[in-house]
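Notes for the structure review
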Amino acid sequence: MTQAVGIARAHTNIALIKYWGKRDKDLFLPMNSSLSLTLEAFYTDTKVVFDEELTADSFFLNGIEQSKTEIKKISRFLDLFCEYTGERPFARVESFNFVPTAAGLASSASAFAALALAVADALKLDMTRQELSTLARQGSGSSTRSLFGGFVEWSMGTSSGDSMAHPVDDADWDVGMLVLAVDTQEKKIASRVGMEHTVQTSPFYPAWIETAKEDLKAIKAAIATKDFEAVGQITEHNGMKMHATTLSANPPFTYWTADSLLAQEAVRRVREELQVPAYMTMDAGPNVKVLCRVSDMKILIEALSAYFPSEKIIASLPGPAAYVLSEEDWEQSKIHFAKGSQG
Ligand code: ADP
Ligand code: DP6
């Protein structure tokens, strides 16, 4: 092989039952199993070119050459595949985020799922999606789930080989998400750092783990019976409990800003006024996501527009599993990005 090329798209996912803490930092083994909804509106497109002529790895994100630290993360990730292929040539990785980067909107989830699939495509690896998810996991935990569409569970597993994702339900039953993008600047505390500090210092952490297990069981039962209200209530409660662990860490911290609180209050008011079920969740960033019925999106957006400029309200249907792109799709994607359609 002188050159091997792979291109893939993966959509982001938002956890309804959060992953928040690692039991093994090097292997990205989580403290608890989690469950998410893949989103159609946000995704990452990534191209990898392994080339025997190259003398180093390189990484371009959104057209900009990345720092040594970022390239190192990519190199380390690509090295994971050597277990399957033996030594590898250096690679050029190019990626476009159609989602704000590092703003709590799960760019790392779509990023490493897209990269994992692009590598598998380039190297023609004979791996199942679930196996591939064990590798994506080691780029960023949440990316484990982005290889699949709809509702997806990441089982914590007993070791690196079985800590993997699997699809739970394709979510084609009137369920979607609104993102209230109050602030899309890069966050100050990376999820990785925030969760580690919480595991080490929050006295509430053991309770988080215990109740996350119960929440997962309950949400899976609610998804199986398509009980939207139960799915939403469990989601909202689980998210709030995760954030309670950051407030109880020592020293305490929070990803919420004043605008996050305004957004939360807007969701509470709107659902009360309209008597429409809509449930919020937040991740390691200030933005608020609202799980709602697709058939209620229009009235919810109208009502929420009284509180936010409508360009800050992004509606998403459930998204598909990650998939391979052609060179032609890739060229289109670059044009699309250049036109400013990224988040
Ligand atoms: P987010 O909330 O966006 O997931 P994180 O702090 O968890 O934020 O992850 C952001 C990090 O993920 C970035 O700093 C970068 O290291 C990595 N990342 C984001 N997008 C890409 C991409 N397209 N390809 C490779 N790595 C990426
Ligand atoms: C709050 O997957 O970004 O979004 O594994 O360290 O890369 P690393 O962390 P990351 O953390 C996601 C945390 C979360 C919850 C979730 O997505 O489950």
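Just so it is clear, the structure is predicted and the values come from calculations on it, not from any experiment.

Description of the UniProt feature "domain: Diphosphomevalonate decarboxylase-like N-terminal" (unreviewed entry) in the chain
- The positions that UniProt labels "domain: Diphosphomevalonate decarboxylase-like N-terminal" (unreviewed entry) are, in the present scheme, residues 10-165.
- End C-alpha atoms of residues 10-165 are separated by 14 Å, and the span's content is 26% helix alongside 32% strand.

Quick look at the domain arrangement of the chain
- When its domains are assigned, the chain resolves into domain 1 (3-170 + 325-341) and domain 2 (175-316).
- Averaged C-alpha coordinates put domain 1 and domain 2 at centres separated by 24 Å.
- Every contact between the two is made by 33 residues of domain 1 and, on the other side, 46 residues of domain 2.
- When the two sides are added together, the surface that domain 1 and domain 2 hide from each other amounts to roughly 3,100 Å², 71% of it contributed by carbon and sulfur.
- At the surface where domain 1 touches domain 2, the tally comes to three salt bridges.
- When the shortest N-O distance is used, the salt bridge between Asp283 and Lys18 registers 2.8 Å.
- Between domain 1 and domain 2 we count twelve residue pairs in polar contact (both at pLDDT 80 or more) in total.
- Listing elements by their share of the side of domain 1 that touches domain 2, those giving two or more residues are β1 (3-17), β4 (34-51), β8 (151-154) and β9 (165-169).
- The element best represented in the side of domain 1 that touches domain 2 is β4, accounting for seven residues.

A word on the site of ligand 1
- Around ligand 1, the surrounding shell holds 20 residues, and the nearest of these are Glu70, Lys73, Ser95, Ser107 and Lys187.
- Between Ser95 and ligand 1, the recorded distance is 2.8 Å, taken from a side-chain N or O atom to a nitrogen atom.
- Between ligand 1 and the protein, one listed contact pairs a nitrogen atom with a side-chain N or O atom of Asn97 at 2.9 Å.
- Protein contacts shield 88% of the accessible area of ligand 1, which totals 570 Å² for the unbound molecule.
- For the shell around ligand 1, the elements supplying multiple residues, two or more each, are β5 (58-61), α1 (68-80), β7 (91-98) and α3 (107-122).
- Looking at which element gives the most residues to the shell around ligand 1, the answer is α3, with four residues.
- Taken together, the residues of the shell around ligand 1 break down into nine nonpolar, eight polar and three charged.

Calculation notes
- Residues numbered from 1 in each chain as written.
- Chains lettered and ligands numbered in written order.
- Predicted model: local features only at pLDDT ≥ 70, side-chain atom pairs only at ≥ 80, totals over all residues.
- Heavy atoms only, no water.
- UniProt positions renumbered as here; feature names shortened; annotations may be inferred.
- Helix = DSSP H or I, 4+ residues; strand = E, 2+ residues; numbered from the N terminus.
- Domains from an automatic or database assignment.
- Contact = heavy atoms within 4.5 Å.
- Buried area = accessible area lost by both parts, 1.4 Å probe.
- Salt bridge = Lys/Arg side-chain N within 4 Å of Asp/Glu carboxyl O.
- Polar contact = N/O pair within 3.5 Å; in protein donor to acceptor, adjacent residues only side chain to side chain.
- Near = heavy atom within 4 Å.
- Areas by Shrake-Rupley, 256 points an atom, 1.4 Å probe, with all protein chains shown as cover.
- Nonpolar A, V, L, I, M, F, W, Y, C, P; charged D, E, K, R; others polar.

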